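# Secondary and tertiary structure notes
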Amino acid sequence: MRIVSRVSSASEGLRGGGRRRSREVAVKARPYSRREQKRLSPKNEIRWVDNPPGVDTVVDFRVPEFTHLCPITGQPDVAVMNVRFIPDKRLLETRSFMQYLWTFRDKRLFHEEIVPIVLNDIVKILQPKWAQILGEFMVRGTSWERIVATHDPVEDERVRGLARKYRFRLHP
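Definitions and cut-offs
- Starting from 1, residues in each chain are numbered consecutively following that chain's sequence as written.
- Local features in this predicted model are restricted to residues whose pLDDT is 70 or higher, and side-chain atom pairs enter the listing and the counts only when it is 80 or higher, whereas totals over whole chains, interfaces and linings include all residues.
- Based on all heavy atoms of the structure, the side-chain values leave hydrogens and waters out of the count.
- Strands are runs of DSSP state E lasting at least two residues, helices are runs of H or I lasting at least four, and both sets are numbered from the N terminus onward.
- Expected span of a helix: the number of residues minus one, times 1.5 Å.
- Per-residue accessibility, obtained with a 1.4 Å probe over protein chains only, is compared with the maximum for each type, and a residue is labelled buried under 20%, exposed over 50%, and partly exposed between these values.
- A pair of Phe, Tyr and Trp rings is counted when the ring centres sit within 6.5 Å of each other, with Trp represented by its six-membered ring. The angle between the planes then sorts it: under 30 degrees is stacked, over 60 is edge-to-face, the rest tilted.
- In our convention, an over-ring charge means Lys NZ or Arg CZ found within 6 Å of a ring centre and within 35 degrees of that ring's normal.
- By definition, two strands form a pair when at least two bridges between them are found by DSSP.
- Here an axis means a line fitted to C-alpha atoms, over the contact stretch when the element is a helix, while the angle between two N-to-C directions is reported on a 0 to 180 degree scale.
- Residue contacts are defined here by distance: any two heavy atoms, one from each residue, within 4.5 Å place the two residues in contact.

### Here's the deal with helix α4 (residues 111–126)
Across its 16 residues, α4 extends 23 Å between first and last C-alpha, which sits within 8% of the 22 Å expected from 1.5 Å per residue. Taken residue by residue, α4 has H111, I114, V115, V118, L119, D121, I122, V123 and L126 as its buried positions. Where α4 terminates, the next one or two residues include Q127, which has phi positive at roughly 50°.

Structural data, given as structure tokens:
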């Protein structure tokens, strides 16, 4: 691939009676090496760290720029993804979670498919006591969607009370 750009020089412009001259410079574009491609490509994995025992905490992530492709038109859709969970033994590693969400930018999925996929992956990796994901998909056409998926397997009343307190409310 060859990219040609025009470069003008101020010194050439001064010698030419105040008129700027431009010259063409050929720049050879080099593709990324496999190592660079691997480093730059988003990772489709969620990593975790150990949760310190003792206190039940509520973890809340808000990702304001989640994108994916519409399965019908191929146009990009934008959403705000909200993730809340009560961890058991594992905490979500933030950077790997962001890279995991970046993998959706090239996938053609309906809004209703994405939220359960993300929830199931989080539950499979972290095994939380309780988890809930809210996807707020931006207006396209005349519709605006809020989709919630919940994982609630715990029988512990203390955890259920925390879950009730921090549950996403669909109607303000």
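Having seen it, we continue.
### Details of the packing of aromatic side chains
Following the criterion strictly, the structure yields four aromatic pairs and no others. When the centroid spacing of 5.5 Å and the interplanar angle of 90° are considered together, the rings of Y100 and F104 count as edge-to-face. Comparing Y100 with F104 shows no difference in burial state: the two are buried. Grouped by ring-pair contacts, the aromatic residues F61, F66, F97, Y100 and F104 constitute a single cluster. Over the face of the ring belonging to W48 we find R90, whose NZ or CZ atom lies 4.0 Å from the ring centre. Here the guanidinium or amino end of K107 rests over the ring plane of F104, the centre of that ring lying 4.9 Å away.

### Overview of the sheet that holds strand β7 (residues 130–140)
Read across the open sheet, the four strands follow the order β4-β5-β7-β8; overall the sheet is antiparallel. Because the sheet does not close on itself, it has two edges, and the strands there are β4 (59–69) and β8 (143–151). Across this sheet, the average inter-strand angle for adjacent strands is 15°, counted without regard to direction. Across eight bridges, the pairing between strand β5 (residues 76–86) and β7 is antiparallel. Counted as the bridge partner of F85 is A131 from β7. On top of the sheet, helix α3 (residues 94–102) reaches β4 and β5; it is set at about 25° to β4, its chief contact. Contacting β4, β5, β7 and β8, α4 crosses the sheet at an angle of about 25° to β8.

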